[in-house]
Amino acid sequence: MEYFLNSLPFITYLWKKMNKKIKKRPSWDEYFLKVAMLVSERATCPRMHCGCVLVRDKQILSTGYNGSIPGDGHCEDIGCMIVDKHCIRTIHAEMNAILQCSSHGISTNDAIAYITNMPCTNCAKALITAGIKEIVIFSDYHDTRAEEFFKIAYVDIKRIKKPQIKIDYDLSKFSSAKKFK
């Protein structure tokens, strides 16, 4: 009996059984893209909800979403301002993330940008100039020349599958958590 319990087939069986109960943690790329997806929920332009997270050494430097300048009305309230098929009322997510770093004195050099969509041409140029070394996306964007500029500047583009939308957090699974009364 002792031999059976220490045998490779039995250990493999136990490992598989245990792993079925353990939820796989998201990869770092999936994690930061899920954060970008959550950030995009703050976007105020109905034409596109985009989120951007700037990360260096697995630490979030800033976040950004597409929305109007401070003091201006939001597209969802007063309408979009369309020029050449683009809404110009909003500042894009990537620009807002870069500007947030700038206003707090945080360098973006050698950071990774996790963005829900391929950047527009102007945001690509801003990311390059800000020193971003890689972008990670799960969808493309219309009418952009971003890839051309990223190639010229040696910025890597990583396309991954869209992370699952669901956030798996069940209080009943955690013995140290209690629901509010």
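Quick note: structure is the one above.
All values reported here derive from a predicted model rather than from experimental measurement. (Residues numbered from 1 in each chain as written. Predicted model: local features only at pLDDT ≥ 70, side-chain atom pairs only at ≥ 80, totals over all residues. Heavy atoms only, no water.)

(A) Region of interest: helix α6 (residues 121–129). Within α6, the full set of buried residues consists of T121, C123, A124, A126 and L127. Taken together, the buried residues of α6 touch β1 (51–56), α5 (93–103), β7 (112–115), β8 (134–137) and α7 (146–152). (Buried < 20%, exposed > 50% of the residue type's maximum accessible area, 1.4 Å probe, protein only. Helix = DSSP H or I, 4+ residues; strand = E, 2+ residues; numbered from the N terminus. Contact = heavy atoms within 4.5 Å.)

(B) Expanded view of the state of the cysteines. Under the criterion given, the structure shown has zero disulfides. Of the cysteine sulfurs around C75, a residue in no disulfide, the closest is that of C87, at 3.4 Å. The class for C75 is buried, based on a relative accessible area of 4%. (Disulfide = S-S within 2.5 Å.)

(C) Inspection of unusual backbone geometry at higher detail. A positive phi is found at D57, a non-glycine position, where the angle reads about 55 degrees. Inspection of the secondary structure puts D57 in the loop between β1 and β2 (59–65). The phi dihedral of D143 falls on the positive side, at around 50 degrees, and the residue is not glycine. As for its position among the elements, D143 is in the loop between β8 and α7. Using a relative accessible area of 48% as the deciding quantity, one classes D143 as partly exposed.

(D) Representation of the environment of A113 in the model. Summarising the element assignment, A113 is placed in strand β7. Overall, A113 belongs to the buried group, its relative accessible area being 0%. On a C-alpha basis, the gap between A113 and L54 in space is 4.7 Å, while along the polypeptide they are 59 residues apart. The contact partners of A113, leaving out residues within four places of it in the chain, are C52, V53, L54, L127, I132, E134, I135 and V136.

(E) Just the packing of α5 against α6, in detail. Close contact between α5 and α6 brings their axes to 9 Å; oriented N to C, the two are set at 25 degrees. Taken together, the axis directions place α5 and α6 in an arrangement best described as roughly parallel. The element α5 and its partner α6 pack so that their crossing is left-handed. Listed contacts from α6 to E94, M95 and I98 of α5 are C123, A126 and L127. In terms of residue class, the contact of α5 with α6 is built from five nonpolar, no polar and one charged. (Axes fitted to C-alpha atoms, helices over the stretch in contact; angles between N-to-C directions. Parallel < 35°, antiparallel > 145°, perpendicular 65-115°, else oblique. Left-handed = near helix turned anticlockwise from the far one by under 90°. Nonpolar A, V, L, I, M, F, W, Y, C, P; charged D, E, K, R; others polar.)

(F) Broad picture of the pairing of β8. The alternating pattern of β8 places E134 and V136 and I135 and I137 on opposite faces, both of which are buried. Here β7 runs beside β8; their pairing, made up of three bridges, is parallel. Residue pairing in the sheet places I112 in a bridge with E134 of β8. After leaving β7, the chain enters α6 and then returns to the sheet as β8, a path that is right-handed. One crossover worth recording links β8 to the parallel strand β9 (residues 156–159) by way of α7, and it is right-handed. (Pairing = 2+ DSSP bridges. Right-handed = clockwise from strand over helix to strand, strands pointing away.)

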